[in-house]
Amino acid sequence: MWDLPVIPLLINFCGALLGFVATLMLIPAFKDHFIAANLFGIDLNKTSKQPIPESQGVISGSVFLIILFCFIPVPFLSCFVEDQCKAFPHHEFVEFIGSLLAICCMIFLGFADDVLNLRWRHKLLLPTMASLPLLMVYFTNFGNTTIVVPQPFRVLLGMHLDLGILYYVYMGMLAVFCTNAINILAGINGLEAGQSLVIAASIITFNVVELNGDYRDDHIFSLYFMIPFFFTTLGLLYHNWYPSSVFVGDTFCYFAGMTFAVVGILGHFSKTMLLFFIPQLLNFLYSLPQLFHIIPCPRHRLPRFNPGTGKLEMSYSKFKTKSLSALGKYILKVSETLHIVDVRQELDKDEEYTECNNMTLINFVIKLIGPAPEQTLTVLLLLIQVRQMLPQGGDLLHSGHGSTLSFSGIGNI
């Protein structure tokens, strides 16, 4: 523990605090500029129709990048100013630069999405492209694609299994999942930034606990990114919290997801990372029928605001019953039987129509508790995010990095 790079971590923490202040001040300062550039939207969950600046994730992302650009030489100061460095750690330097390149690409592509309003198929392509620098760094620095097989499958597959190129496919898919998982669990004030803040706090806690373990350097690397991310996101959340004065935009969702993917992959805890995304994973699985258009999916699936009560209610997708495929009808029937989807049938102009609630975790929570104020719904969803972290955090605290051995690459052992 005494060998920890205390000074670099302290400098990183101070830079993160400056980033928090900068984000707090820059967002209101640039508010009118975004509106003038036509980068604004209307909050559909409010009676007020005043323009609200969008894509504010580009500000917190830019502050984050500036902090880490200035921080680049700090972890290597001993090699610059002292004689203690026998050989410059080029592999660590390449990791750092490659990670910043991937995040920078994702911020740029996310902002392009906000401006150009790209289709969903493009949203899957963008993180794939931005993850290529990350995968190249992993290939050149590590290149290990052997995993330890989970206990139940060792009889069939043996102790170790070399996945080869499939391991890179998995890491690329992880980057795509992390970016889009945050993007589809969205639509109410403070949820995107709030869930990202909770995930970042969980990763930081995990990293700090593991500093006494055998993989200290990996977790220090993660902390260098997560601490500034946490504080810049905190500054963004201050303005995005109910009633929101700004929208974070797809830029932030892509930026946050890629940052998580970077530390998970190069920090060698990519499988543990998925434990921090359980609500997002459940939301993704619940949304699959609409995401793949087996069931018609409207452009916006956010809850419906009832101006009479001031509460949010479930939003619905309405379509002609005959337009639904056999698979879609089967999914709706099973979902209705399991009481996880509210399905309605009605006749309109001699045609039969079907209505079902939009399949998001937000609507599912409303289905369970009934209509709720927006702020209450946000707090409840964030508590779900926090709650699912607690048992995972407890397990990690007691078992350390070794708890992920049955899911991690052999290079982590």
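Preceding this paragraph is the structure being described.
Cut-offs and rules
- Residues numbered from 1 in each chain as written.
- Predicted model: local features only at pLDDT ≥ 70, side-chain atom pairs only at ≥ 80, totals over all residues.
- Heavy atoms only, no water.
- Pairing = 2+ DSSP bridges.
- Helix = DSSP H or I, 4+ residues; strand = E, 2+ residues; numbered from the N terminus.
- Axes fitted to C-alpha atoms, helices over the stretch in contact; angles between N-to-C directions.
- Core = buried A, V, L, I, M, F, W, Y, C linked by side-chain atoms within 4.5 Å.
- Buried < 20%, exposed > 50% of the residue type's maximum accessible area, 1.4 Å probe, protein only.
- Contact = heavy atoms within 4.5 Å.
- 1 Å grid on protein atoms, 1.4 Å probe; cavity = no way out; pocket = protein on both sides within 12 Å on 5 of 7 lines; lining within 4 Å.
- Points joined across faces, edges and corners; volume = space filled by probe spheres on them.
- Phe/Tyr/Trp six-rings, centres within 6.5 Å; stacked < 30°, edge-to-face > 60°.
- Lys NZ or Arg CZ within 6 Å of the ring centre and 35° of its normal.
- Left-handed = near helix turned anticlockwise from the far one by under 90°.
- Nonpolar A, V, L, I, M, F, W, Y, C, P; charged D, E, K, R; others polar.
- Disulfide = S-S within 2.5 Å.
- Expected span 1.5 Å × (residues − 1).
- Arc of directions from axis to C-beta.

1. With respect to the sheet that holds strand β7 (residues 316–320)
Note on sheets: strands pair through backbone hydrogen bonds, and any given pair is parallel or antiparallel.
So, step 1. Within the open sheet, the three strands sit side by side as β7-β9-β8. Their pairing is antiparallel. Single-partner strands in this sheet number two, and they are β7 and β8 (343–348). When the angles between neighbouring strand axes are averaged without regard to direction, this sheet yields 25°.
So, step 2. Across five bridges, β7 lies against strand β9 (residues 351–357) in antiparallel orientation.

2. A few points about the nonpolar core
Side chains that are nonpolar tend, in soluble globular proteins, to be buried together.
So, step 1. In terms of nonpolar packing, the biggest core is built from 78 residues, with I103, F225, F229, M258, F260 and F277 touching the most fellow members.
So, step 2. Those residues within four positions of F225 in sequence are excluded, and the remaining contacts are F64, L68, F96, S99, L100, I103 and V263.
So, step 3. If you look at the next biggest cluster of nonpolar residues, it comprises 13 residues, including L185, V365, L377 and L381.

3. Some remarks on empty space enclosed by the protein
So, step 1. Applying the stated criterion across every chain yields a total of two cavities of 30 Å³ or more.
So, step 2. Its boundaries defined by the atoms lining it, the largest cavity holds a volume of some 50 Å³.
So, step 3. Together, ten residues line the largest cavity, and Y167, I265, H268, S270 and K271 are the ones closest to its centre.
So, step 4. Counting residues per element, the ones that place at least two in the lining of the largest cavity are α9 (165–184), α12 (249–266) and α13 (270–275).

4. With respect to the packing of aromatic side chains
So, step 1. Under the criterion given, the structure shown has 23 aromatic pairs.
So, step 2. Seen in terms of ring centroids, Y138 and Y168 are 5.9 Å apart; in terms of plane orientation they differ by 80°. Their pairing is edge-to-face. Here Y168 lies in helix α9 and Y138 lies in helix α7 (residues 132–141), a separation of 30 residues in the sequence. The pair Y138 / Y168 is uniform in exposure class, with both members buried.
So, step 3. On the numbers, 5.2 Å between centres and 70° between planes, the contact of F229 with F260 is edge-to-face. Of this pair, F229 sits in helix α11 (residues 216–240) while F260 sits in helix α12, and the two are 31 residues apart along the sequence.
So, step 4. What makes F229 buried here is its relative accessible area of 0%.
So, step 5. Counting every residue linked through ring pairs, the aromatic cluster contains F64, F177, F229, F252, F255, F260, F277 and F284.
So, step 6. Of note, K318 hangs over the ring of Y353, and the distance from its end group to the ring centre comes to 5.2 Å.
So, step 7. A cation over a ring is seen here: R344 above Y316, with NZ or CZ 4.1 Å from the ring centre.

5. Considerations on the packing of α9 against α12
So, step 1. At their nearest, the axes of α9 and α12 sit 8 Å apart, and the two run at 145° to each other. Of the two possible hands of crossing, α9 and α12 adopt the one that is right-handed. In contact with M171, L174, A175, C178, T179, N180, I182 and N183 of α9, α12 contributes D250, C253, Y254, A256, G257, M258, F260, A261 and I265.
So, step 2. Of the residues that constitute the contact of α9 with α12, the class distribution is twelve nonpolar, four polar and one charged.

6. Regarding the state of the cysteines
So, step 1. On inspection of all chains with the given rule, the structure shows zero disulfides.
So, step 2. Among the cysteines around C356, which has no disulfide bond, C297 carries the closest sulfur, lying 9.8 Å off.

7. Digging into the packing of helix α3 (residues 57–71) against α12
So, step 1. Two elements in contact, α3 and α12, have axes whose closest approach is 7 Å; the angle formed by their N-to-C orientations is 35°. Pair α3 / α12 crosses with left-handed handedness. Of the residues in α12, those in contact with G57, V58, S60, G61 and F64 of α3 are T251, F252, F255 and T259.

8. What to know about helix α15 (residues 326–337)
So, step 1. Over its twelve residues, α15 runs 17 Å from end to end, which matches the ideal 16 Å to within 8%, given 1.5 Å per residue.
So, step 2. Looking at α15, one finds that the buried residues are G328, I331, L332 and S335. Seen from one end, α15 has its buried residues packed into an arc of 95°, which puts them on one side. With respect to the buried face of α15, the exposed residues turned more than 90 degrees away are A326, Y330, K333 and T337.
So, step 3. Next to the buried residues of α15 lie α14 (278–291), β7, β8 and β9.

9. Topic: the environment of K31
So, step 1. Note on placement: K31 falls in helix α2 (residues 31–36).
So, step 2. Separated by 127 residues in sequence, K31 and G158 place their C-alpha atoms 58 Å apart.
So, step 3. Dropping the residues within four chain positions of it, K31 is found in contact with P53 and S245.

10. Thoughts on the pairing of β8
So, step 1. For β8 and β9, the ladder comprises six bridges, and the chain directions are antiparallel. Each residue of the ladder has a partner; that of R344, found in β9, is E355.
So, step 2. The turn joining β8 and β9, which pair antiparallel and follow one another in sequence, is formed by two residues; a positive phi near 55° is taken by K349.

11. Some details on helix α16 (residues 361–369)
So, step 1. Considered for burial, the residues of α16 that qualify are L361, I362, N363, V365 and I366.
So, step 2. G370 occupies a position one or two residues after α16 and carries a positive phi of about 90°.

That is the geometry; function is a separate question.
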